[in-house]
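# Structure assessment
Here is what each chain is made of, one letter per residue.
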Amino acid sequence: MITPGRANQSRQLPAARPPKGRGPLGRGEMRLAYTMVLPTLLIVMAIVLLPLAANFWISFKPVELGDLRAPTILFNERIRPAPQAVGDSAEISYRLRNTSKRGEFADAVLTDSFPAGLTIDGTLDSRCTLQGESLSCNLGTYEPLQRETLTIGVIATQAYVDEPINPRDSKPVITGKGDSILTNSVFSLKNYRKVFSGSEFWKVLRVSLYYTVFGTVGAIVFGLFAAQLLNTTFPGRGIVRGFYLFPYVAPVIAVAFAWVLILDAGPGGTLNAILMKIGATDGPINFLGRRATPVSVFGFTFNFPVALTTVISFEVWRYFPLSFLFILARMQSVSSDTYEAAEMDGATPLQQFRYISLPQLAGILAVIFLLRFIWTFNKFDDIFLLTGGAAGTRTLTVDIYEQAFAVSNLGAGAAVAVVVFFVLLISALFIFKFSPDDDG
Amino acid sequence: MRVGNTFFIALAIGALWGLIYIVVFSVLAMLISGDTVVPDVGISMLSGAGGGAVYVLGPGRVGGRYRGGYWAATSGAVALIAYVVLYYWVRSGSISDNGSVNTSDNLVFLTALVTFAVASLSWHLCLDGMDSGSQARYQLEVILIRVLKGIGFVFFSVVVALPFYIMVMTSLKSQQSLLSNPLDLSIDFSKPLAEHLRSYKELFTKYQFGYFLLNSAVVSVATVIITLLFAIPGAYAVSRLRFPGKNVLSKSILLIYMVPAIVLVIPLYTVFSQLGLRNTLLGLIIVYPATTIPVAVYMFQGYFRGLPYELEEAGLMDGLSRIGTILKITLPLSLPAIASVSLYIFMIAWNEFLFAFMFLDDPAIFTLSRGVQSLNSSEIPRQHLMAGAVIATVPVLVLFLWFEKFLVAGLTAGSVKG
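Residues numbered from 1 in each chain as written. Chains lettered and ligands numbered in written order. Predicted model: local features only at pLDDT ≥ 70, side-chain atom pairs only at ≥ 80, totals over all residues. Heavy atoms only, no water.

### Here we look at the overall build of chain A
The helix and strand tally for chain A stands at 15 helices and ten strands. Taking 440 residues into account, the globule formula puts the C-alpha radius of gyration at 22 Å, and chain A, at 36 Å, lies well above it. Across the 440 residues that make up chain A, the buried fraction comes to 44%. Considering only intrachain contacts with a sequence separation of at least 6, the fraction spanning at least 24 residues in chain A is 73%. As displayed, chain A has an accessible area near 22,500 Å², and 60% of this comes from carbon and sulfur atoms. Charge-centre separation for chain A: the mean point of 37 positive side chains lies 10 Å from the mean point of 33 negative side chains. (Helix = DSSP H or I, 4+ residues; strand = E, 2+ residues; numbered from the N terminus. Rg over C-alpha atoms; globule rule 2.2 N^0.38 Å. Buried < 20%, exposed > 50% of the residue type's maximum accessible area, 1.4 Å probe, protein only. Contact = heavy atoms within 4.5 Å. Areas by Shrake-Rupley, 256 points an atom, 1.4 Å probe, with all protein chains shown as cover. Lys, Arg positive; Asp, Glu negative; His and termini not counted. Charge placed at Lys NZ, Arg CZ, Asp CG, Glu CD.)

### Digging into the domain arrangement of chain B
Residues and elements named next belong to chain B. Domain boundaries in chain B define domain 1 (5-180) and domain 2 (200-414). A straight line from the C-alpha centre of domain 1 to that of domain 2 covers 45 Å. Across the contact, ten residues belong to domain 1 and ten residues belong to domain 2. In total, domain 1 and domain 2 occlude about 690 Å² of area from one another, counting both sides; carbon and sulfur atoms represent 74% of this. When the buried surface of domain 1 facing domain 2 is broken down by residue, M167, S171 and Q175 rank first, second and third, together holding 59% of it. There are one residue pair in polar contact (both at pLDDT 80 or more) connecting domain 1 and domain 2. Going through the elements one at a time, helix 5 (137-171) and helix 6 (175-180) are the ones with two or more residues in the side of domain 1 that touches domain 2. Top element by residues in the side of domain 1 that touches domain 2 is helix 5. It accounts for five residues. In terms of residue class, the side of domain 1 that touches domain 2 is made up of five nonpolar, four polar and one charged. (Domains from an automatic or database assignment. Buried area = accessible area lost by both parts, 1.4 Å probe. Polar contact = N/O pair within 3.5 Å; in protein donor to acceptor, adjacent residues only side chain to side chain. Nonpolar A, V, L, I, M, F, W, Y, C, P; charged D, E, K, R; others polar.)

### Let's talk about the pattern of salt bridges
Residues and elements named next belong to chain A. Counted according to the given criterion, the structure contains twelve salt bridges over all chains. A salt bridge links E315 to R372, with the shortest nitrogen-to-oxygen separation between them at 3.5 Å. Here R372 lies in helix 12 (residues 349-378) and E315 lies in helix 10 (residues 306-332), a separation of 57 residues in the sequence. When sorted by exposure, E315 lands in the same class as R372, which is buried. (Salt bridge = Lys/Arg side-chain N within 4 Å of Asp/Glu carboxyl O.)

### Quick look at the packing of helix 2 (residues 24-59) of chain A against helix 12 (residues 281-306) of chain B
At a minimum axis distance of 9 Å, the contact between helix 2 of chain A and helix 12 of chain B shows a crossing angle of 125 degrees. Taken as axis vectors, helix 2 of chain A and helix 12 of chain B run oblique relative to one another. The hand of the helix 2 of chain A/helix 12 of chain B crossing is left-handed. Where helix 2 of chain A abuts helix 12 of chain B, its residues T40, I43, V44, I47 and V48 of chain A lie against I286, V287, A290, I293, P294 and V297 of chain B. For the contact of helix 2 of chain A with helix 12 of chain B, the class distribution of residues is ten nonpolar, one polar and no charged. (Axes fitted to C-alpha atoms, helices over the stretch in contact; angles between N-to-C directions. Parallel < 35°, antiparallel > 145°, perpendicular 65-115°, else oblique. Left-handed = near helix turned anticlockwise from the far one by under 90°.)

### Let's talk about the packing of helix 10 (residues 246-256) of chain B against helix 12 of chain B
All names here are of chain B. Contact pair helix 10 / helix 12: the axes reach a minimum separation of 8 Å and the direction vectors enclose 135 degrees. Here helix 10 is positioned oblique relative to helix 12, judged by the angle of their axes. Viewed along their axes, helix 10 and helix 12 form a crossing whose handedness is left-handed. Taking contact as the criterion, the partners of S250, I253, L254 and I256 in helix 10 are, on helix 12, P294, V297, Y298, Q301 and R305. For the contact of helix 10 with helix 12, the class distribution of residues is six nonpolar, two polar and one charged.

### A look at the sheet that holds strand 2 (residues 89-98) of chain A
Residues and elements named next belong to chain A. Taken together, the four strands give an open sheet; going across it, the order is 1-2-7-4, and neighbouring strands pair in antiparallel fashion. Strands with a single pairing partner mark the edges of an open sheet, and in this sheet they are strand 1 (73-80) and strand 4 (118-120). Ignoring strand direction, the axes of neighbouring strands in this sheet form an average angle of 30 degrees. (Pairing = 2+ DSSP bridges.)

### Some points on the packing of aromatic side chains
Centre-to-centre distance and the angle between the planes together describe a pair of aromatic rings. Evaluated as defined, the whole model comprises 48 aromatic pairs over all chains. On the basis of an interplanar angle of 40 degrees and a centroid distance of 6.3 Å, the ring pair of Y210 of chain A and F214 of chain A is categorised as tilted. Separated by four residues within a single helix, Y210 of chain A and F214 of chain A lie in helix 5 (residues 200-230), roughly one turn from each other. Both rings, one in W317 of chain A and one in F164 of chain B, keep their centres 6.3 Å apart while their planes meet at 35 degrees; by these two values the pair is tilted. Taken as a pair, W317 of chain A in helix 10 and F164 of chain B in helix 5 lie in two separate chains rather than in one. (Phe/Tyr/Trp six-rings, centres within 6.5 Å; stacked < 30°, edge-to-face > 60°.)

### Re helix 14 (residues 396-406) of chain A
Each α-helix turn comprises 3.6 residues. Residues three or four places apart therefore point the same way. Residue and element names in this part refer to chain A. Here helix 14 lies mainly inside the structure; ten of its eleven residues are buried. By the burial criterion, the buried members of helix 14 are L396, T397, V398, D399, I400, Y401, E402, Q403, A404 and F405. A positive phi of about 50 degrees marks S408, the residue just after helix 14.

### Description of the interface of chain B and chain A
At the junction of the two partners, chain B supplies 104 residues and chain A supplies 98 residues. For the pairing of chain B and chain A, the buried interface totals around 9,000 Å² over both sides, and the portion due to carbon and sulfur atoms is 79%. Linking chain B with chain A are three salt bridges, by the criterion used here. When the shortest N-O distance is used, the salt bridge between R322 of chain B and E29 of chain A registers 3.9 Å. One can count eleven residue pairs in polar contact (both at pLDDT 80 or more) joining chain B with chain A.

The following block contains the structure:
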């Protein structure tokens, strides 16, 4: 018989809980996981995260493309006149030059082996010491582009005449600290001032936004359209679907140049030739080179951006396949029951699209919009290959390239890159806030 | 014979298809033949409207019953005759005196024939099952959607095919024929094949495109292999194993592959210049996997989560180690995903332009993207440039068509990147 007391006792036993901390199995799993993740983490750190940080660093540096080579001392050694007989005097000269235009070279020390058969004529340069056959000169600091000729007067002895040794046979070694602008502690806000001053930056930002918004929306609208076309079954549907993906799959370099050829304003441009042959235009239209053309609609005249529109159209052409693929996949997972029910209730095709398809697609459309928005904003190759950023098509990404490599001002380019990074960061936070969990 | 709203819609549809196809096929005729074909758009619309009317007024219009294709053909023939008659009537002055038909006239007739053959098929598909009386809203919307779909197919097909067509045809032309008539993209079959392929021959002999192909292949394959080696364990750990920081890691993968290459290019250029890695293929083989690994991890972790964990648990229970489970159970099950990811990564690496452009200066180690870019100068004739573009495109497209199923799967899983 169980007494009440015993029952109480058993109730007081601690409730079963999972053990705290990690057991040996859990620790093993953790170690394994870290080993598996580590290589990925390291390479991503090295090639993505570190450069991102380096961008910040460079953007505060007045560094140009030419500064990438650290300052070095270039030298040229010779002996003149060549001693012929014992007692001939000659001069060994080292012509030295700091190659860098902007970085100084500190603590330069020249060491060279001194030909055995020669003796010093007069006094040795006060910065140099000669120990046996080893010459060592403490040359101090060289300013950028500073040049100097170090001369040492020598007299030939019998040993030299018997066995002449050209001092040039032994190469001098110059050690010291080349001051690279990249690594020194000089910082400035010059790049940011340059980027933000003037109307150029805001123009570029505006072009970037136009390009991104219209490119994204265009690609989605055309993708939706194409997906509607292929959502029915007909013979050859697979082939058509594959064919419509060509613009995305083909290398950007190939399709961009093909379009450049088609849109060319010169005599070889296909589209202009066609338009002129059938009499649609009088002269060629410079699709990629014309900034704006006045268009008047209902009495309003505004400047229609020709090149920008062309570039956006190219973006839409190249990326509609992506949104089309996404949307088609989503549409095929909508069950046909809903449509059949709507049909029974007398819903017309457009009503079915408006009240059944669109709401079902809203989620995927939002996801595509956000992702495509970021990727279109990031786009560089397409615009660069089509126009090179000319004629009002310079976006922020093209601006990075232009500043850093065309004007060869790396620092300014990095400053623009930092701006791009922040725009992206904000967009990414936005995505995290609004993206549905894991069902793309 | 009732004449309601559908009759007028048929007129409009006939005119529309007459307009669209006469433009499309005239341009096509121009590109194929090299001759000028000036279409008469007005006449074509008029004839098309007539054809549409004939079609919709025709027999077999009892509601919903299938109207035979023969009647579509009849209406097309009517429209064609109308077009030809009107065309020559309008420009009767331009017919040569002796009454003989010249090549250009043949071409006009051929264009019209194709135009109205396809147009009659189109209005047949649009108006099938409708009679000429008034239709309810439902039927009208059905017609509207059919018309929109038709326009869509024509539009997308033309727009997608055009650049590729021009690319291939231009690459087969010679310099002087391109200069004399840029629209003449015809192939002269009387010339030997070798003459058409001259640009290709020159690219492979004078411009080292053989090496470029090889370099691209080496870089792309290396990228795929390295990416798989890094991404598969990483993705497995993130999707299957428990460890602190797992969620942060899994989320930040998506973030990291949002970082654009152009932002990385300045620091990487700087550092790789100092390390002597810049003008080397090794530099590319380091950078490419780093940019593709996050995508690959993202794709793989989605796939691994979808695999039933019970299979792996069974393996573990039977005494396999964790690594053994991965090698013997998970990987064999993931072969489709591996194929998809590999193809997708290969495509990214093969098509990559920015880093190749920034890093490579030495023509001996150009990849195809960089090589084609180097052809873009005013001194090099454009058929060479287009031949280069074709050489760069063909391998990816062949691969794509061959493994379309896998690549489409890869694209949908990973194409958040682009």
